[in-house]
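Each chain, written out:
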Amino acid sequence: MTRANSDHVTDSHGRRILDSCKVTDLRIGNGRLHNDIHGELTFHSHNGTSTLDYLLLNSNDFQHISHFQIDNVSEFSDHCGLSFSIRGRANMKIQPNGT
């Protein structure tokens, strides 16, 4: 699955993340999931913008993400939040005494 990315610069920190993903078989969810098909930027400051915040997933876990988006920047941080939902089932075991 190809990843879109609005940040066209990869610095040494970005290369380390990419190298770590290759070694650990993790994939970047940003730019591949739901409401982030363009790979939106996640950091906005007076010095510039960039993608610094990521959802890292095992390639088998993409199917379990039912929602993903980059939130708007807030007054409290230069970083945008990442919102996502995980699809799944909860298994509960009821003990004989009701607990």
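Residues numbered from 1 in each chain as written. Predicted model: local features only at pLDDT ≥ 70, side-chain atom pairs only at ≥ 80, totals over all residues. Heavy atoms only, no water.

### Brief notes about the overall build of the protein
Link 1 in the chain: Regarding its fold elements, the protein presents one helix and six strands.
Link 2 in the chain: For the protein, the succession of helices and strands along the chain, N to C, is α-β-β-β-β-β-β.
Link 3 in the chain: Whereas a compact globule of 99 residues would reach a radius of gyration of roughly 13 Å, the protein reaches 17 Å, over 25% beyond that.
Link 4 in the chain: Based on the C-alpha atoms only, the size of the protein along its principal axes is roughly 60 × 35 × 20 Å. (Helix = DSSP H or I, 4+ residues; strand = E, 2+ residues; numbered from the N terminus. Rg over C-alpha atoms; globule rule 2.2 N^0.38 Å.)

### Regarding the layout of surface pockets
Link 1 in the chain: In this structure, the largest pocket encloses a volume near 240 Å³.
Link 2 in the chain: Per element, the largest residue contribution to the lining of the largest pocket is four residues, and it comes from helix H1 (residues 12-24).
Link 3 in the chain: Within the lining of the largest pocket, the residues separate by chemical class into six nonpolar, six polar and three charged. (1 Å grid on protein atoms, 1.4 Å probe; cavity = no way out; pocket = protein on both sides within 12 Å on 5 of 7 lines; lining within 4 Å. Points joined across faces, edges and corners; volume = space filled by probe spheres on them. Nonpolar A, V, L, I, M, F, W, Y, C, P; charged D, E, K, R; others polar.)

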